[in-house]
Amino acid sequence: MKNEIQKISLIKRGMVTLSIACASLILLSTTPVEAKGPLTAEVKTAISQKSSLSEERINAVLKEAYEKFKNNQDGKNADYIKALAIVDSKIFGITLVTPDGKVYEIGDTKDVVSIQSISKVFTAAMVIQEKGDKFLQEKIGVNATGLAFNSIIAIELHGGSASNPFVNAGAIQSTSWVEAKDSKERWAKIYSNMDDFAGAKLSFNEEVYDSEVNDNKNNQAISKILDARGRMGSDPLEATTVYTKQCSVNVSAHDLGMMAATFANDGVNPATGKKVMDKKYVPKILAVMATAGLYDNAGDWLYLTGSPAKSGVGGGILAVVPGKLGIGVVAPPLDKFGNSVRGQLAAAYIINELGINPLAQ
Ligand code: GLN
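Scope of this entry: the structure provided in the associated data block. Model, not experiment: these values are computed from the prediction.

What follows concerns the overall build of the chain. In terms of regular secondary structure, the chain is built from 17 helices and seven strands. For the chain, the proportion of contacts with a sequence separation of at least 24, taken over those separated by at least 6, is 72%. When the accessible area of the chain is evaluated, it comes to approximately 14,900 Å², of which 54% is carbon and sulfur surface.

As a matter of local geometry, the ligand sits amid 13 residues, with Tyr-80, Gln-116, Ser-117, Glu-212 and Tyr-243 nearest to it. Here an oxygen atom of the ligand sits 2.6 Å away from a polar atom, N or O, in the side chain of Tyr-80. A distance of 2.8 Å separates an oxygen atom of the ligand from a polar atom in the side chain of Asn-219. Here the ligand, which alone exposes 300 Å², has 99% of that area covered by the protein.

The next point concerns helix 13 (residues 236–247). In an α-helix there are 3.6 residues to a turn, and that puts residues three or four apart on one side. Under the 1.5 Å per step criterion, the end-to-end length of helix 13 is 16 Å for 12 residues, consistent within 8% with the ideal 16 Å. Within the span of helix 13, buried status applies to Pro-236, Ala-239, Thr-240, Val-242, Tyr-243, Thr-244, Gln-246 and Cys-247. Those residues of helix 13 that are buried are in contact with strand 3 (113–114), helix 6 (119–131), helix 9 (168–177), helix 10 (183–198), helix 11 (206–213) and helix 12 (217–228). Its side-chain oxygen at 3.2 Å from the backbone nitrogen of Leu-237, Asp-235 defines the N-terminal cap of helix 13.

With that settled, consider the pairing of strand 6 (residues 316–321). Counting buried residues along strand 6, six of its six residues qualify, which places the element largely inside the surrounding structure. In strand 6, alternate side chains face the same way, and those of Gly-316, Leu-318 and Val-320 on one face and Ile-317, Ala-319 and Val-321 on the other are all buried. Direction of pairing for strand 5 (residues 309–311) relative to strand 6: antiparallel, over a ladder of three bridges. If you follow Ser-311 over to strand 6, its bridge partner there is Ile-317. Joining the antiparallel neighbours strand 5 and strand 6 is a turn of four residues, in which Gly-315 adopts a positive phi near 110°. In the sheet, strand 6 pairs with strand 7 (residues 325–330) via six bridges, with the strands oriented antiparallel.

Time to look at the pattern of salt bridges. The tally for this structure, following the rule as stated, stands at 16 salt bridges. Residue Glu-185 is joined to Lys-181 by a salt bridge in which the shortest nitrogen-to-oxygen separation is 3.2 Å. Here Glu-185 falls in the partly exposed class, since its relative accessible area comes to 30%. Judged by its relative accessible area of 68%, Lys-181 falls in the exposed class. Two residues, Asp-196 and Lys-274, come together in a salt bridge whose shortest N-O distance is 3.2 Å. Of the two residues, Asp-196 sits in helix 10 while Lys-274 sits in the loop between helix 14 (253–264) and helix 15 (282–292), which places them 78 residues apart along the sequence. Look at Asp-196 and you get partly exposed, because its relative accessible area is 23%.

Scoring rules and cut-offs
Residues numbered from 1 in each chain as written. Predicted model: local features only at pLDDT ≥ 70, side-chain atom pairs only at ≥ 80, totals over all residues. Heavy atoms only, no water. Helix = DSSP H or I, 4+ residues; strand = E, 2+ residues; numbered from the N terminus. Contact = heavy atoms within 4.5 Å. Areas by Shrake-Rupley, 256 points an atom, 1.4 Å probe, with all protein chains shown as cover. Near = heavy atom within 4 Å. Polar contact = N/O pair within 3.5 Å; in protein donor to acceptor, adjacent residues only side chain to side chain. Expected span 1.5 Å × (residues − 1). Buried < 20%, exposed > 50% of the residue type's maximum accessible area, 1.4 Å probe, protein only. Pairing = 2+ DSSP bridges. Salt bridge = Lys/Arg side-chain N within 4 Å of Asp/Glu carboxyl O.

Structural data, given as structure tokens:
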């Protein structure tokens, strides 16, 4: 993951080059993102095949995706949260759930990892539900930052705003705005909302929580800056602690598939039939997922899949094909943007092989 210092030194290097070369060429050579994530040649051959969602076809494509990527060893577990570094990096599970509740899965689909940033989606869904879409857009924001998910300078560069609810700043802000009398109630609401999306009681990862809560000064700093800018709904440090708890909830590929399918099914969990959020707000949350769900690799992802998605540094990823499919993958090793390598490859492959890119319909 890039840190601010690396970023600044990159910018400086670009400025030196500027003084010795032609200006138009420099603009290209100093483009901030130096290289791609895993989504390049692997998936492009599959694009634009005919849509076919028979059970047989789904099973066949699922198996192909698993076989194709199961031995991929690219990327590495996150280690800035120490407990994440020791998670079994071989875990690989893929679950697909249709809006009518049919489940297709392969691999380690019951193995859990901490949900991390994927939790941000569900807390943002609560905020939009409680406060409306204008609030989410104006108070938190719905634009990409173009910088790493934990960036502090992104806040200053965007006028003291988090920019969107899926970077740490906007997520801590979302947490702070969940209506509750105190942080205990706020946490209980956030946790049970994630259970509702999954249609299951999700367990809590004490080890990950202890590891992160004792080492989250960067997030605390972010919360304080936002508080100084009048953007927090409750005490900043309390909100950061609740945010750290929400990141420590365990999910499997199966859970993520169900959570994704709840979005694909207009906010109704396909297994329990429970309405978890209003249909009218689903496209708003999906729009932010499309813009910023995979951080500064979101453009490449959207270009290749047309599908809203969200990743977490625990190695989970969910992708939503509205009206058609929820996809959940767990595979801990990450690319440099903090997105699961095999998760992206498998989900992109499945979307393209099934011909269900929502932008191509
Ligand atoms: N808990 C992590 C953090 O605050 C979540 C980051 C992520 O999954 N991208 O850094």
